[in-house]
Amino acid sequence: MRMRNKKNLIPRMEACAAVQVFDPAALKGQWASLLPGCGDVRAEMGCGKGQFTAGVARQNPETLLVALEKVPNAMVTAMERVCAEEIPNVRFIDTDVVTLRSIFAPGEVSVIYINFPDPWPRKKEAKHRLTAPSFLAMYWDILPVGGRIEYKTDQPWLFDWSLEQFSLMGFELREVTRDLHANGVTGIMTNYESRFHEEGVPIHRCVAVKTEDRPAVLPEPEKKAAPPAAPQA
């Protein structure tokens with residue numbers, strides 16, 4: 001379902017222009033320069049309304065958090081939240097995740113957050129999932145050795161599928177859980193996550209770590225079984 005256009009979207013975004021980056025490619029390899037004393041650069045793949053974004057940034061004041069969001073109607077709420085709370089270490093980009101390699105240099109991003117992405121449930125749509133091999137190859141390229149992806153979803157089947165994709169790409173899986181908040185709220189929640197938790201929906205989470213210094217290698221696609229041979233006359 002498409003998000004309804006926000007009233008006065010353009011002037012609201014213009015009011016938050018200080019936290020939006022309009023030419024992200026120009027900062028490739030230089031993102032840390034935006035924050036004095038920056039310890040590391042992290043990226044969030046789809047920030048939504050920014051509850052998680054603001055929370056992570058507050059907890060990590062020496063980290064520059066770059067939030068990507070291709071839906072301005074959601075991003076404007078996140079931008080307004082960050083501006084209202086005067087959080088200095090967040091920048092927003094109105095873009096799609098497919099642009100990652102043009103935005104970040106190899107090894108520039110220490111942590112990538114992927115929270116409750118669109119599941120794209122139909123088999124033929126699998127390539128659009130943010131944990132599909134083509135996306136994982138991009139993440140691999142911009143992470144250093146020791147860099148990690150922190151991933152959360154409410155979809156059990158998608159979680160299992162994603163674990164397999166992480167492993168095939170060569171990521172080391174850590175902190176795998178299928179009920180993150182079983183013993184109480186753990187970590188910073190997104191807007192969706194808060195609602196899911198109230199409804200009793202288990203949250204699946206894992207950390208995927210890049211442990212090898214090598215180029216990304218896409219796993220070979222599954223080969224279709226050969227048709228049976230025709231019977232001999």
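Anything mentioned here points back to the structure above.
Now for a look at the structure at hand.

Topic: the packing of aromatic side chains
Part 1 of the reasoning: Evaluation of the coordinates by the stated rule reveals eight aromatic pairs.
Part 2 of the reasoning: Seen in terms of ring centroids, Phe52 and Tyr113 are 5.1 Å apart; in terms of plane orientation they differ by 75°. Their pairing is edge-to-face. Within this pair, whereas Phe52 is found in helix H2 (residues 51–59), its partner Tyr113 is found in strand E4 (residues 111–115), the two being separated by 61 residues in sequence. Summarising the burial analysis for this pair, Phe52 and Tyr113 share the class buried.
Part 3 of the reasoning: The interplanar angle of 75° and the centroid separation of 5.0 Å between the aromatic rings of Trp140 and Phe171 together place this pair among those described as edge-to-face. Of this pair, Trp140 sits in helix H5 (residues 133–142) while Phe171 sits in the loop between helix H6 (156–169) and strand E6 (172–177), placing them 31 residues apart in sequence. Pair check on accessibility: Trp140 and Phe171 agree, each one buried.
Part 4 of the reasoning: A connected cluster of aromatic rings, assembled from ring pairs, spans Trp140, Tyr151, Phe159, Phe166 and Phe171.
Part 5 of the reasoning: For the cation-ring pair, Arg129 lies above Trp161, with the distance from its terminal atom to the ring centre recorded as 4.6 Å.

Topic: the state of the cysteines
Part 1 of the reasoning: Per the counting criterion, the structure on display carries zero disulfides.
Part 2 of the reasoning: With no disulfide partner, Cys16 has as its closest neighbouring cysteine sulfur the one in Cys83, 3.9 Å distant.
Part 3 of the reasoning: Classification of Cys16 as buried rests on a relative accessible area of 5%.

Re the side chain of Lys210
Part 1 of the reasoning: You can see Lys210 is positioned in the segment after strand E7 (204–209).
Part 2 of the reasoning: Although Lys210 lies buried, it forms no salt bridge, and the closest oppositely charged side chain, Asp213, sits 5.4 Å away as judged by the N-O distance.
Part 3 of the reasoning: Excluding its chain neighbours within four sequence positions, the residues that come into contact with Lys210 are Trp140, Leu143, Pro144, Val145, Gly146, Gly147 and Phe171.

Focus: the pairing of strand E1 (residues 40–45)
Part 1 of the reasoning: Burial runs high along E1: six of the six residues are buried.
Part 2 of the reasoning: Here E1 shows a buried face lined by Asp40, Arg42 and Glu44 and a second buried face lined by Val41, Ala43 and Met45.
Part 3 of the reasoning: Of the pairings in the sheet, the one linking E1 to strand E2 (residues 63–68) comprises six bridges and is parallel in character. Bridged to Arg42 within E2 is Leu65.
Part 4 of the reasoning: In this fold, E1 hands off to H2, which returns the chain to E2; that crossover is right-handed.
Part 5 of the reasoning: For E1 and E4, the ladder comprises three bridges, and the chain directions are parallel. In the strand pairing of E4, Glu44 is matched with Tyr113.

With respect to the sheet that holds E1
Part 1 of the reasoning: The sheet built from seven strands is open, its strands ordered E3-E2-E1-E4-E5-E7-E6 with mixed pairing. Strands at the two margins of the open sheet, each flanked by one partner only, are strand E3 (90–93) and E6. Shown here is a sheet whose adjacent strand axes are inclined to one another by a mean of 15°, direction ignored.
Part 2 of the reasoning: Bridge count between E6 and E7: four bridges; the pairing is antiparallel. Pairing of Arg174 across the sheet is with Val207, part of E7.
Part 3 of the reasoning: Across the sheet, H5 lies against E1, E4 and strand E5 (148–153), angled at about 150° from E4, the strand it touches most.

Focus on the nonpolar core
Part 1 of the reasoning: Trp31, Met45, Phe104, Tyr139 and Ile149 are the most contacted members of the largest nonpolar core, which has 39 residues in total.
Part 2 of the reasoning: For this core, the elements supplying multiple residues, two or more each, are E1, E2, helix H4 (100–103), E4, H5, E5, H6 and E7.
Part 3 of the reasoning: With seven residues, the single largest contributor to this core is H5.
Part 4 of the reasoning: Setting aside residues no more than four positions away along its own chain, Met45 makes contact with Leu68, Val97, Leu100, Ile112, Tyr113, Ile114, Leu130 and Tyr139.
Part 5 of the reasoning: Of all hydrophobic cores here, the second largest spans 16 residues; its members include Ala57, Ala78, Met79 and Val82.

What counts, and where the lines are drawn
Residues numbered from 1 in each chain as written. Predicted model: local features only at pLDDT ≥ 70, side-chain atom pairs only at ≥ 80, totals over all residues. Heavy atoms only, no water. Phe/Tyr/Trp six-rings, centres within 6.5 Å; stacked < 30°, edge-to-face > 60°. Helix = DSSP H or I, 4+ residues; strand = E, 2+ residues; numbered from the N terminus. Buried < 20%, exposed > 50% of the residue type's maximum accessible area, 1.4 Å probe, protein only. Lys NZ or Arg CZ within 6 Å of the ring centre and 35° of its normal. Disulfide = S-S within 2.5 Å. Lys, Arg positive; Asp, Glu negative; His and termini not counted. Salt bridge = Lys/Arg side-chain N within 4 Å of Asp/Glu carboxyl O. Contact = heavy atoms within 4.5 Å. Pairing = 2+ DSSP bridges. Right-handed = clockwise from strand over helix to strand, strands pointing away. Axes fitted to C-alpha atoms, helices over the stretch in contact; angles between N-to-C directions. Core = buried A, V, L, I, M, F, W, Y, C linked by side-chain atoms within 4.5 Å.

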